[in-house]
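Close look at the chain arrangement
Chain residues, written in single-letter form:
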Amino acid sequence: DWFLSQPQSYFTIQLMVVRDRQVLTNTVMENNLTSTQVYEITKQSNVLIGLTYGLFATLAEAQKARQQLPESLLKQGAFVKSIGKIQQQIQANN
């Protein structure tokens, strides 16, 4: 898994977590996003798919990149998240 091979001290921007992979595909296409990654977790018997953007060595870099996202993604609640936290979520599901 891509996330498990990244430094846990790095950061990414969590764009959304949904049940329908098509929502992620549409979001990526509508916003012309590159550098996205997805991960899956199971919560209360539901498979949830997270969409993230970018990989940043510092919190400041991630926060700056977040500010440059399209307004529509910011309104949906895009936030900076540590790679370590995503790794924990993935590992808790294995």
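The structure we're discussing is the one just above.
Summary of the structure given here. For every chain, the first residue of the written sequence is number 1, and numbering continues from 1 along that sequence. Side-chain atom pairs in this predicted model are given and counted only at pLDDT of 80 or more, local residue features only at pLDDT of at least 70, and totals for whole chains, interfaces and linings cover all residues. Here the side-chain values reflect all heavy atoms present in the structure, with hydrogen atoms and water set aside.

**Concerning the sheet that holds strand E2 (residues 36–43)**
Sheet architecture is open: 4 strands sit in the order E2-E3-E1-E4, paired in antiparallel fashion. On the outer flanks of this sheet lie E2 and strand E4 (79–82), each paired with one strand and no other. For this sheet, the mean inter-axis angle between neighbouring strands, taken without regard to orientation, is 40 degrees. Pairing between strands is defined by DSSP: at least two bridges between the two strands are required. Secondary structure counts use DSSP, requiring at least four H or I residues in a row for a helix and at least two E residues in a row for a strand, with both numbered from the N terminus. Where strand E1 (residues 11–18) and E4 come together, 4 bridges link them in antiparallel fashion. Along E4, the bridge assignment pairs Thr-12 with Lys-81. All axes here are fitted lines through C-alpha atoms, helices being fitted over the stretch that makes contact, and every angle between N-to-C directions spans 0 to 180 degrees.

**Let's talk about the pattern of salt bridges**
Just to be clear on terms, a salt bridge is a Lys or Arg side-chain nitrogen sitting within 4 Å of an Asp or Glu carboxyl oxygen. If you walk through the whole model with that rule in mind, you get 1 salt bridge. With a closest N to O distance of 2.5 Å, Arg-21 and Glu-40 form a salt bridge. Pair noted here: Arg-21 is in helix H1 (residues 21–30) and Glu-40 is in strand E2, with a separation of 19 residues, a long-range link. A 1.4 Å probe rolled over the protein chains alone gives each residue an accessible area, and that area as a share of the maximum for its type sets the label: buried under 20%, exposed over 50%, partly exposed in between. Among the residues examined, Arg-21 registers a relative accessible area of 41% and is labelled partly exposed.

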